[in-house]
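In case you want the letters, here they are:
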Amino acid sequence: MDSTPEGDRSAVHDVVVIGGGAAGLSGALTLGRARRSVLVIDAGEPRNAPAGAVHAYLGHEGTPPGELLAAGRAEVRGYGVELRDGLAVAATREGEAVRVTLADATEVRARRLLVTTGLVDELPDVPGLAELWGTDVLHCPYCHGWEVRDQAIGVLGTGPLAVHQALLWRQWSDDVTLFRHTLDELDERSCEELAARGVGVVDGEVAGLETRGGRLTGVRLVNRTVTARQILVVAGQLKPRAGVLSSLGIEPTGLEMGGAVIGAHIAADPTGATAVPGVWVAGNVASPIDQVVAAAAAGVRAGAAINADLIAEETRRAVEVRRAPHSGAPFSAESEREVCEAVLGERRHGL
């Protein structure tokens, strides 16, 4: 990423975007095209980094995540957006602006804040899962199902949605096994549905994974029996990266699906606006189950909403200046200059 020149760091940006993934870059692109001064701060820890490719993104099917982000960075630079490597650790209100503090103690200021920091998948405590995460240990059939079609798939039972997961993945393979692991005894209806779809059930707690050459070969139970599998599906807890939001008093709330808590998210309105004025969120930090294409769309939506909010503020200030008494004529050069200064303030886009 580019570094912002030292002399520019005291400026108040129209918008600071924290997080340079699909949501953040899409928001920055929208705002850059709206001739806003935008700074993107990115810690370089994308959730989908272990994945080989992005899927179900029309026009970008099969693109490696790193290539998609590199293309996005190049595009936003073309509209004057600044990019900076760094980890934002806190944010505080400072009058009408927000001051963002980075891990290296540098600070930046913005009139509006867009947080697109994503989430962390907290995996079940089973040895070997983390090492195969994103390759042979998966979670989303719409992200990876086609690539592992017709393989031997296992589903790790860690919560009430495990039966739903097993039935869902059955769409991509007729060889699906549910490992009950820590699940309670299955009810009669679940047993009937699994049997009707040809999904096997293995009782007993999973102790670890068997591998060969870095690839999954089987699932090992505590009784040491091994069931051959090529893919294991898990449902981790979805934890938003919300530290910088917490410093503004915005805390995660529980996220439920089918009556089960699957993680947490930052509550916001349909545009991404949070309960704190001037602060928006987009992407997985707000909607953890969104794929890349949906996160990008949320970034565009938030960017447009932020631009509209800034326009409303600038118009209000311009009207106030216009209504103020002037020594000269109502539309004198002096009054026009004051209006321009009220709208622009300290910022200059400089395309």
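For the structure itself, look to the data block above.
Described in the following lines is the structure provided in the data block. The structure presented is a predicted model; accordingly, all values stated were derived computationally and were not measured.

Let us look at the overall build of the protein. Of the regular secondary structure elements, the protein holds eight helices and 19 strands. By residue count, 46% of the 351 residues in the protein fall in the buried class.

Take the sheet that holds strand 13 (residues 215-221) next. One open sheet accounts for three strands, arranged 12-13-14; its pairing is antiparallel. The strands lining the two open edges of the sheet, one partner per strand, are strand 12 (206-212) and strand 14 (226-228). Taking the axes of each pair of neighbouring strands and ignoring which way they run, one obtains an average angle of 30° across the sheet. Pairing of strand 12 with strand 13, which is carried by six bridges, proceeds in the antiparallel orientation. By the bridge assignment, Val-206 is partnered in strand 13 with Leu-221.

One finds Val-16, Ile-18, Val-100, Leu-113 and Leu-245 to be the most contacted residues of the largest nonpolar core, which totals 24 residues. Among the elements of the structure, strand 1 (12-18), strand 2 (38-42), strand 4 (88-94), strand 5 (97-102), strand 6 (107-115), helix 6 (243-246) and strand 19 (279-281) are those that each provide at least two residues to this core. If you tally residues by element for this core, the top one is strand 6, at four residues. With residues near it in sequence (within four places) discarded, Val-100 still touches Val-16, Ile-18, Ile-41, Ala-88, Ala-90, Ala-91, Thr-106, Glu-107, Val-108 and Leu-113. Among the nonpolar cores identified, the runner-up in size contains 22 residues, and Ala-28, Ala-273, Ile-306 and Leu-310 belong to it.

Another aspect to go through is the packing of aromatic side chains. One pass over the full model with this rule turns up two aromatic pairs. Look at Trp-169 and Trp-172: their rings are 6.3 Å apart centre to centre, the planes differ by 55°, and that puts the pair in the tilted class. Its relative accessible area of 0% is what places Trp-169 among the buried residues. Geometry around Trp-146 places Arg-149 over its ring, the cationic atom sitting 4.1 Å from the centre.

With that out of the way, let us pick up the environment of Arg-215. In this fold, Arg-215 is placed in strand 13. Overall, the relative accessible area of 48% leaves Arg-215 in the partly exposed class. With 84 residues separating them in the primary sequence, Arg-215 and Glu-131 have C-alpha atoms 9.8 Å apart.

This next bit is on the packing of helix 1 (residues 22-33) against helix 2 (residues 65-77). Where helix 1 contacts helix 2, the axes come no closer than 9 Å and their chain directions differ by 20°. Of the possible angle classes, the one that applies to helix 1 and helix 2 is roughly parallel. The element helix 1 and its partner helix 2 pack so that their crossing is left-handed. For the pair formed by helix 1 and helix 2, the contact residues are Ala-22, Leu-25, Ala-28 and Leu-29 on the first element and Leu-69, Gly-72, Arg-73, Glu-75 and Val-76 on the second. Residues belonging to the contact of helix 1 with helix 2 are distributed by class as follows: six nonpolar, one polar and two charged.

It is worth spelling out the sheet that holds strand 9 (residues 153-156) at this point. Pairing between the strands of a sheet is mediated by backbone hydrogen bonds and can be parallel or antiparallel. One open sheet holds the five strands; their spatial order is 8-15-9-10-11, and the pairing between them is parallel. The two strands at the open ends of the sheet, each matched to only one other strand, are strand 8 (137-138) and strand 11 (200-202). Each of strand 8, strand 9, strand 10 (176-179) and strand 15 (231-233) is contacted by helix 4 (residues 162-169), which is oriented at about 170° to strand 10, the strand it contacts most.

What follows is about the side chain of Thr-117. Structurally, the position occupied by Thr-117 is in the loop between strand 6 and strand 7 (119-122). Reaching out from Thr-117, the side chain makes a polar contact with the backbone oxygen of Arg-241 at a distance of 2.6 Å. Residues in contact with Thr-117, not counting those within four places in the same chain, are Ile-18, Arg-241 and Val-285.

Basis of the calculations
- Residues numbered from 1 in each chain as written.
- Predicted model: local features only at pLDDT ≥ 70, side-chain atom pairs only at ≥ 80, totals over all residues.
- Heavy atoms only, no water.
- Helix = DSSP H or I, 4+ residues; strand = E, 2+ residues; numbered from the N terminus.
- Buried < 20%, exposed > 50% of the residue type's maximum accessible area, 1.4 Å probe, protein only.
- Pairing = 2+ DSSP bridges.
- Axes fitted to C-alpha atoms, helices over the stretch in contact; angles between N-to-C directions.
- Core = buried A, V, L, I, M, F, W, Y, C linked by side-chain atoms within 4.5 Å.
- Contact = heavy atoms within 4.5 Å.
- Phe/Tyr/Trp six-rings, centres within 6.5 Å; stacked < 30°, edge-to-face > 60°.
- Lys NZ or Arg CZ within 6 Å of the ring centre and 35° of its normal.
- Parallel < 35°, antiparallel > 145°, perpendicular 65-115°, else oblique.
- Left-handed = near helix turned anticlockwise from the far one by under 90°.
- Nonpolar A, V, L, I, M, F, W, Y, C, P; charged D, E, K, R; others polar.
- Polar contact = N/O pair within 3.5 Å; in protein donor to acceptor, adjacent residues only side chain to side chain.

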